[in-house]
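Working through the structure, step by step
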Amino acid sequence: MADEDTNVAQKKKAPSEDDKRRQKIVPGSLMKAAMRPGGGDSTPSDGDQVIYHCTVRTLDGVIVESTRSENGGNGIPIRQVLGKSKLILGLLEGIPTMLKGEVSMFKMKSEMHYGEDGCPVTAPNNFPKEEELHFEIEMIDFSKAKVVTDDLGVLKKVINEGQGWETPRQPYEVKVWISAKSGDGKSILSHTEGEPYFFTFGKLEVPKGLEMGIGTMTREEKAVIYVKSQYLTPSPLLPVIEGYEEVHFEVELVHLIQVRDMLGDGRLIKRRLRDGKGEFPMDCPLHDSLLRVHYKGMLLNEEKRVFYDTRVDNNGQPLEFGSGEGMVPEGFEMCVRLMLPGELALVTCPPDYAYEKFPRPANVPEGAHIQWEIELLGFEMPRDWTGLNFESIMDEAEQIRVTGNRLFKEGKFELAKTKYEKVLREFNHVNPQDDEEGKVFLEKRNLLHLNVAACLLKLGECRKSIEACNKVLDANPAHVKGLYRRGMAYMALGEFEEAKNDFNAMIKVDKSSEPDANAALSKLKRAEQEFDRKARKQFKGLFDKKPGEIADAGAEEIKDEDQATVENKKNDSQDEEESDGDENREFLESATAGAPRRGLLYRLWPTGGRIFSALGLERCTIL
């Protein structure tokens, strides 16, 4: 029982600073007298924005300060958020007792207002903080508030809830009905008739604080956004901002147009022209799917010449393609994956995400910027493997693997790797039922790991390539393909001894692999020789040279290296032909293209990548 009491005590929330301040209140230091009753039965609580007028008087009736214009104030009531704003102790305790519309008088000793030790609120100039005073408070309104900025410079009060969850952000386009009043209730602007006010997020077309508040709204939401002077930046909506301590904007979000900067640099832009059906992004084809679209391709020039239209050039039939298979330009697919069925979007695309790296239509000039108008008609998700028998699962896996192989041959290594890894993830849930199925499953899984290793090698991730090979070799150290692939990765890193061990191990475990192992060893030997020659030349007499001479030696050795590159390329042409001639090879790979040089070879010889290319390692076969 004692342990349970201890646990309950530990779970109690630690007292806040306001709670600690309330403990200082003593009987008689704060008295309340209701002057006008309020309405309803609810009172403010933490998180509520409270709006009230306050007049402070001495006990003999002299006004010390007031928010009311008739008492010399500016006529703007005080707005604060309970639990967030700093309050004098008397109001911290008294305001939560008030009803809406209530007027009460609080009699406070000095320790209940600015005379409190450690009071978090600074007293106004010449304020009699040591005196007992009357605080007359009129509770105008209170409601839940959205704190938009931590300094409470921007707050939002929701009048009508909106639809969905999507909120505008840069560079979305927004349509709103909007009106504005000063803090004392005077009308500043009203845009509630005709066409809604249109603006683009992030272009300073409305005051900063207003934009921040609208950025928390959903479609069809209606709210009041309270903006203090520090967030009232000049804009076309409100050019004149001087003289306003705060402005209350009443806003109804009529419509938001999703505009996405897909790359973050303004080059690939997707603009939604018509909403689709469903919830974004849950109902988008984020995963690999069979997609059906109609599209119109235009050159992004003054004429916007149409170079292809499925409704005209494809006999009215939509384009069907599998996402993740490199069947359409990269920018096209990136945007379609973020569309909802039925959505119409306008995509502006730079050349490198359009036809620079994709077969270019004959009527599209080189380097052209493209605009596609795309309608997503629908999509089908990949087949669920749940409930399929083992043979069907292996057929599905093989189809995906074949697609990966095609992507690899086309140089789309990241896409190919994604395909292989997708199958490997699904394999985590596959359970072979007998030895024969287990053998087939193991062979397929090993093959996929080695294909991933090939992709990683092409992408320059040599260490990760070795890790992928080890997933095969840890279980079967005599796996010839795994040894070959790992040896190639070691060679790419300049770790020649490890590579030699793997190539020699191939011969020991399978005599039929000797031709390929010997070819690899021959290339390895030339790479070592070239490395030794380069290292000797680079360090020969280095410490006898002056600083300027060292630079000259570097230029000279590059020239010699280029000559050696030409010779090595000639010597290696026969090996390439023999390696490429085997029709049983699955697909070709490059061992070093674009690889980061992390091994000893590349620390000593940064320019050695040229030699590896000349040795033909970019065309070594996958066994």
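Bear in mind the structure is a predicted one, so any value in this text is a computation, not a measurement.

What follows concerns the overall build of the chain. The number of helices and strands found in the chain is 16 helices and 22 strands. Within the chain, buried positions represent 46% of all 623 residues. Sequence-distant contacts in the chain: of pairs separated by 6 or more residues, those separated by 24 or more amount to 71%. Carbon and sulfur atoms make up 49% of the accessible area of the chain, which totals about 32000 Å².

On to the UniProt feature "repeat: TPR" (unreviewed entry) in the chain, then. The sites that UniProt annotates as "repeat: TPR" (unreviewed entry) are residues 480-513. With 82% helix and 0% strand, the stretch residues 480-513 has end C-alpha atoms that lie 8 Å from each other.

When two helices pack together, their arrangement is given by the angle between the helix axes and the distance between those axes. Their axes nearest at 9 Å, the elements helix 8 (residues 413-427) and helix 9 (residues 435-458) cross at an angle of 150°. Regarding the angle of helix 8 to helix 9, the classification is roughly antiparallel. Viewed along their axes, helix 8 and helix 9 form a crossing whose handedness is left-handed. Residues Phe413, Ala416, Lys417, Tyr420, Glu421, Val423, Leu424 and Phe427 of helix 8 form the contact with helix 9, whose participating residues are Phe441, Lys444, Arg445, Leu448, His449, Asn451, Val452, Cys455, Leu456 and Lys458. Here the contact of helix 8 with helix 9 is built from residues that sort into eleven nonpolar, two polar and five charged.

We now examine a negative patch on the surface. Negative charge collects at one region of the surface, where Asp434, Asp435, Glu436 and Glu443 lie side by side. With respect to the element layout, Asp434 can be found in the loop between helix 8 and helix 9.

A word on the environment of Asp19. Mapped onto the elements, Asp19 comes out in helix 2 (residues 17-22). Under the relative-accessibility criterion, Asp19 is labelled partly exposed at 33%. In sequence terms Asp19 and Glu93 are 74 residues apart; their C-alpha atoms lie 9.9 Å from each other.

What follows deals with the packing of helix 7 (residues 390-409) against helix 9. One can describe the packing of helix 7 onto helix 9 by two numbers: an axis separation of 12 Å at closest approach and a directional angle of 20°. The angle between helix 7 and helix 9 places the two elements in the roughly parallel class. When you trace helix 7 past helix 9, the crossing you get is left-handed. Where helix 7 approaches helix 9, its residues Phe390, Met394, Glu398, Arg401, Asn405 and Phe408 are matched on the opposing element by Glu437, Val440, Phe441, Lys444, Leu447, Leu448, Asn451, Ala454, Cys455 and Lys458. Classifying every residue of the contact of helix 7 with helix 9 gives nine nonpolar, two polar and five charged.

The end-to-end C-alpha distance of helix 9 is 35 Å, a good match for the 34 Å that 24 residues give at a rise of 1.5 Å each. Measuring from the backbone nitrogen of Glu436 back to the side-chain oxygen at the start of helix 9 gives 3.1 Å, which picks out Asp434 as the cap. One or two residues past the end of helix 9 sits Gly460, with phi positive at roughly 85°.

To continue, consider the pattern of salt bridges. According to the stated counting rule, one finds 42 salt bridges in the structure shown. Where Glu398 meets Arg401, a salt bridge forms, and the shortest distance between an N and an O atom there is 3.0 Å. Here Glu398 and its partner Arg401 are both found in helix 7, three residues apart, which amounts to about one turn of the helix. Here Glu398 falls in the partly exposed class, since its relative accessible area comes to 23%. Across the salt bridge formed by Lys500 and Glu528, the nearest N and O atoms sit 3.8 Å from each other. Of this pair, Lys500 sits in helix 12 (residues 496-509) while Glu528 sits in helix 13 (residues 514-539), and the two are 28 residues apart along the sequence.

Tracing the backbone shows Asn451 in helix 9. In the structure, Asn451 is positioned 18 residues away from Cys469 in sequence and 9.3 Å away in space, judged by C-alpha atoms.

Before going further, it helps to examine the pairing of strand 10 (residues 187-191). One ladder, built from four bridges, connects strand 9 (residues 173-182) with strand 10; its direction is antiparallel. Pairing of Ala180 across the sheet is with Leu189, part of strand 10. As consecutive antiparallel partners, strand 9 and strand 10 are separated by four residues, and within that stretch Gly185 has a phi angle of approximately 95°, a positive value.

All chains considered together, the criterion is met by 15 aromatic pairs. Seen from their ring centres, Phe427 and Phe441 are 4.8 Å apart, and the 45° between their planes marks the pair as tilted. Here the residue Phe427 occupies a position in helix 8, and Phe441 occupies one in helix 9, the gap between them amounting to 14 residues. Accessibility classification places Phe427 together with Phe441 in one group, the buried group. Plain terms: the ring middles of Phe496 and Phe531 are 6.0 Å apart, the flat faces sit at 65° to each other, and that makes the pair edge-to-face. Highlighted residues: Phe496 in helix 12 and Phe531 in helix 13, separated in sequence by 35 residues. The pair formed by Phe496 and Phe531 is uniform in burial state, with each residue classed as buried. Within the aromatic cluster, the residues linked to one another by ring pairs are Tyr295, Phe307, Tyr308, Phe321, Phe332, Tyr355, Phe358 and Trp372.

Quick look at helix 8 now. Working note: α-helix, 3.6 residues per turn, so residues spaced by three or four point in the same direction. Compared with the 21 Å implied by 1.5 Å per residue over 15 residues, the 21 Å span of helix 8 between its first and last C-alpha is a close match. Looking only at helix 8, the buried set comprises Phe413, Ala416, Lys417, Lys419, Tyr420, Val423, Leu424 and Phe427. For helix 8, the angular spread of buried residues about the axis comes to 155°, placing them on one side. Those residues of helix 8 hidden inside the fold are in contact with helix 7 and helix 9.

Once that is clear, we can look at the nonpolar core. Core analysis: the biggest nonpolar cluster contains 51 residues, and Trp385, Phe427 and Phe503 have the highest contact counts within it. If we skip the residues at most four places from it in the chain, Phe503 touches Tyr484, Gly487, Met488, Met491, Ala517, Ala520, Leu521 and Leu524. Core analysis: the second largest hydrophobic core is formed by 30 residues, Cys284, Leu340, Tyr355 and Val364 among them.

A few words now on unusual backbone geometry. The residue after Gln170, namely Pro171, is reached through a cis peptide bond having omega 5°. Structurally, Pro171 can be placed in the loop between strand 8 (154-160) and strand 9. With omega at 0°, the peptide bond leading from Phe280 into Pro281 counts as cis. Checked against the element boundaries, Pro281 lands in the loop between strand 15 (269-274) and strand 16 (290-299). Even without glycine at this site, Glu220 takes up a positive phi of about 70°. Secondary-structure assignment places Glu220 in the loop between helix 4 (208-214) and strand 12 (222-228). In this structure Glu220 comes out as partly exposed when scored by relative accessible area, which is 45%. The backbone of Asn315 sits at a positive phi, close to 55°, despite the residue not being glycine. Here Asn315 is to be found in the loop between helix 5 (310-313) and strand 18 (319-322). By relative accessible area, which is 73% here, Asn315 ends up exposed.

Conventions adopted
- Residues numbered from 1 in each chain as written.
- Predicted model: local features only at pLDDT ≥ 70, side-chain atom pairs only at ≥ 80, totals over all residues.
- Heavy atoms only, no water.
- Helix = DSSP H or I, 4+ residues; strand = E, 2+ residues; numbered from the N terminus.
- Buried < 20%, exposed > 50% of the residue type's maximum accessible area, 1.4 Å probe, protein only.
- Contact = heavy atoms within 4.5 Å.
- Areas by Shrake-Rupley, 256 points an atom, 1.4 Å probe, with all protein chains shown as cover.
- UniProt positions renumbered as here; feature names shortened; annotations may be inferred.
- Axes fitted to C-alpha atoms, helices over the stretch in contact; angles between N-to-C directions.
- Parallel < 35°, antiparallel > 145°, perpendicular 65-115°, else oblique.
- Left-handed = near helix turned anticlockwise from the far one by under 90°.
- Nonpolar A, V, L, I, M, F, W, Y, C, P; charged D, E, K, R; others polar.
- Patch = residues over 30% accessible without salt bridge, like charges linked within 9 Å, V, L, I, M, F, W, Y side chains within 5 Å.
- Salt bridge = Lys/Arg side-chain N within 4 Å of Asp/Glu carboxyl O.
- Lys, Arg positive; Asp, Glu negative; His and termini not counted.
- Charge placed at Lys NZ, Arg CZ, Asp CG, Glu CD.
- Expected span 1.5 Å × (residues − 1).
- Polar contact = N/O pair within 3.5 Å; in protein donor to acceptor, adjacent residues only side chain to side chain.
- Pairing = 2+ DSSP bridges.
- Phe/Tyr/Trp six-rings, centres within 6.5 Å; stacked < 30°, edge-to-face > 60°.
- Arc of directions from axis to C-beta.
- Core = buried A, V, L, I, M, F, W, Y, C linked by side-chain atoms within 4.5 Å.

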